[in-house]
Amino acid sequence: MSVATESAPATVKAYLKPIDSEGLAAFAAKGRANPASRGTNKVHTVLQGMYRSLSYVGDHEGVVVDEPLHLFGENTAPAPGEIVLSGLGGCLAVGITAVATWKQVKLSKLEIFLEGDIGNPAAWGAGGAMKEAKDMGFQAIRVKVLIEGDASREVLDEIVQHANFYSPVANSMRNPIPFDIALA
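Residues numbered from 1 in each chain as written. Predicted model: local features only at pLDDT ≥ 70, side-chain atom pairs only at ≥ 80, totals over all residues. Heavy atoms only, no water.

Asker: I'd like to hear about the packing of helix α2 (residues 80–102) against helix α3 (residues 153–166), residue by residue, with values.
Answerer: The geometry of α2 relative to α3 is characterised by a closest axis approach of 8 Å and an angle of 125° between their N-to-C directions. As far as their axial angle goes, α3 and α2 are oblique. For the pair α2 and α3, the crossing hand works out as right-handed. Each of Leu92, Gly95, Ile96, Val99, Ala100 and Trp102 in α2 lies in contact with α3, whose residues at this interface are Ile159, Val160, His162, Ala163 and Asn164. Split by residue class, the contact of α2 with α3 holds eight nonpolar, three polar and no charged. (Axes fitted to C-alpha atoms, helices over the stretch in contact; angles between N-to-C directions. Helix = DSSP H or I, 4+ residues; strand = E, 2+ residues; numbered from the N terminus. Parallel < 35°, antiparallel > 145°, perpendicular 65-115°, else oblique. Left-handed = near helix turned anticlockwise from the far one by under 90°. Contact = heavy atoms within 4.5 Å. Nonpolar A, V, L, I, M, F, W, Y, C, P; charged D, E, K, R; others polar.)

Written as C-alpha cells, this is what we have:
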C-alpha cells in the first residue's frame with residue numbers, strides 16, 4: 001500500500017525590475033574620480049491662468065501644477081508643495097534602489113509615504129501675515145518607507161538611511177542653498 005504525499009504549493013517571489021548594476025558601478029567610479037562634478041536640472045514653467053501652470057522638463061509632457069479650491073485654484077492638479085514632496089519621494093526611491101543594487105539586495109516592494117506641514121498665513125506675500133523666511137515653507141516633513149526584499153529588516157533600514165543621507169533632494173531641503181531670482 002503506497003501513501004500519497006501532498007506537497008505544499010511553491011511560493012514565487014516577484015522582484016522589482018532591477019537597474020543596470022554595471023552602469024551604476026561605472027557611474028559611481030566616475031563620481032569617485034571627480035567628486036566636484038555637478039549637473040544642472042532645468043525646468044520651464046508657464047502659467048496658464050489662475051494658479052494652474054505647466055512645467056516643462058526636458059522633452060517630457062508638461063507637469064501640471066495647481067492649487068486646491070480653498071486656496072483659490074481649480075484643483076486640477078497637485079499643489080506646488082505636493083510636487084516638492086513627490087520630487088523628494090522620487091529621489092529617495094532612486095537612492096534606495098541604487099543602494100540596494102550596490103549591496104546586491106533584490107527589492108520586491110518599495111513604497112514611500114510623505115507628509116509635510118506647510119502653512120500660508122502670509123498669503124504668498126500678498127498682504128497676509130508678516131513672516132520671517134525661516135517660518136515659511138515646510139516646517140516638518142515625515143517620511144515612511146515600506147520596503148521588502150531579500151535582506152533582513154536591519155539591512156533594509158541601513159539601505160534606506162544610507163539613501164536618505166546621500167539624497168540630493170533631501171539634502172537640498174535640509175541645507176540652506178544659494179538662491180537667486182531675477183527678471184529674464
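There's more to say after this.
Asker: So what's going on with the packing of aromatic side chains? Which residues, and what values?
Answerer: The final tally for this structure, using the stated rule, is two aromatic pairs. Both rings, one in Tyr51 and one in Trp124, keep their centres 5.1 Å apart while their planes meet at 55°; by these two values the pair is tilted. In this pair, Tyr51 is assigned in the loop between β1 (44–49) and β2 (52–56) and Trp124 in the loop between β4 (107–118) and β5 (138–149), connecting sequence segments 73 residues apart. Taken together, a centroid distance of 4.9 Å and an interplanar angle of 80° make the contact between Phe165 and Tyr166 edge-to-face. (Phe/Tyr/Trp six-rings, centres within 6.5 Å; stacked < 30°, edge-to-face > 60°.)

Asker: Can you explain the layout of surface pockets? Please cite residues and give values.
Answerer: As a volume, the largest pocket reaches approximately 2600 Å³. In terms of lining residues, the largest pocket is bounded by 49 residues, among which Cys91, Tyr166, Ser167, Pro168 and Val169 are the most central. Ranked by residue count, the leading element in the lining of the largest pocket is α2, at twelve residues. Its residues assigned to classes, the lining of the largest pocket comprises 26 nonpolar, 19 polar and four charged. In this structure, the second largest pocket occupies an estimated 1200 Å³ of space. The wall of the second largest pocket is formed by 44 residues, among which Gly81, Val84, Ile118, Gly137 and Phe138 lie closest to the centre. Contributing elements (two or more residues each) for the lining of the second largest pocket: α2, β4, β5, α3 and α4 (168–174). Of all the elements, α2 adds the most residues to the lining of the second largest pocket, at eight residues. Among the residues making up the lining of the second largest pocket, the classes are represented as 27 nonpolar, eleven polar and six charged. (1 Å grid on protein atoms, 1.4 Å probe; cavity = no way out; pocket = protein on both sides within 12 Å on 5 of 7 lines; lining within 4 Å. Points joined across faces, edges and corners; volume = space filled by probe spheres on them.)

Asker: I'd like a rundown of α2, residues and numbers included.
Answerer: With 23 residues, α2 should reach 33 Å at 1.5 Å per residue; the first-to-last C-alpha distance of 33 Å fits that figure. For α2, every residue scored as buried is listed here: Gly81, Leu85, Leu88, Gly89, Cys91, Leu92, Gly95, Ile96, Ala98, Val99, Ala100 and Thr101. Looking at the buried positions of α2, the neighbouring elements they touch are α1 (21–33), β4, β5, α3 and α4. Looking one or two residues past α2, Gln104 carries a phi angle of roughly 60°, positive in sign. (Expected span 1.5 Å × (residues − 1). Buried < 20%, exposed > 50% of the residue type's maximum accessible area, 1.4 Å probe, protein only.)

Asker: Hey, could you go over the nonpolar core for me, with residue numbers and the actual values?
Answerer: In this structure, Ile96, Ala100, Val105, Leu107, Ile147, Leu156 and Ile159 are the most contacted members of the largest nonpolar core, which totals 14 residues. Of all the secondary structure elements, the ones that give two or more residues to this core are α2, β4 and α3. The element that contributes the greatest number of residues to this core is α2, accounting for five residues. With residues near it in sequence (within four places) discarded, Ala100 still touches Val105, Leu107 and Ile159. (Core = buried A, V, L, I, M, F, W, Y, C linked by side-chain atoms within 4.5 Å.)

All we've got here are geometric facts, nothing functional implied.
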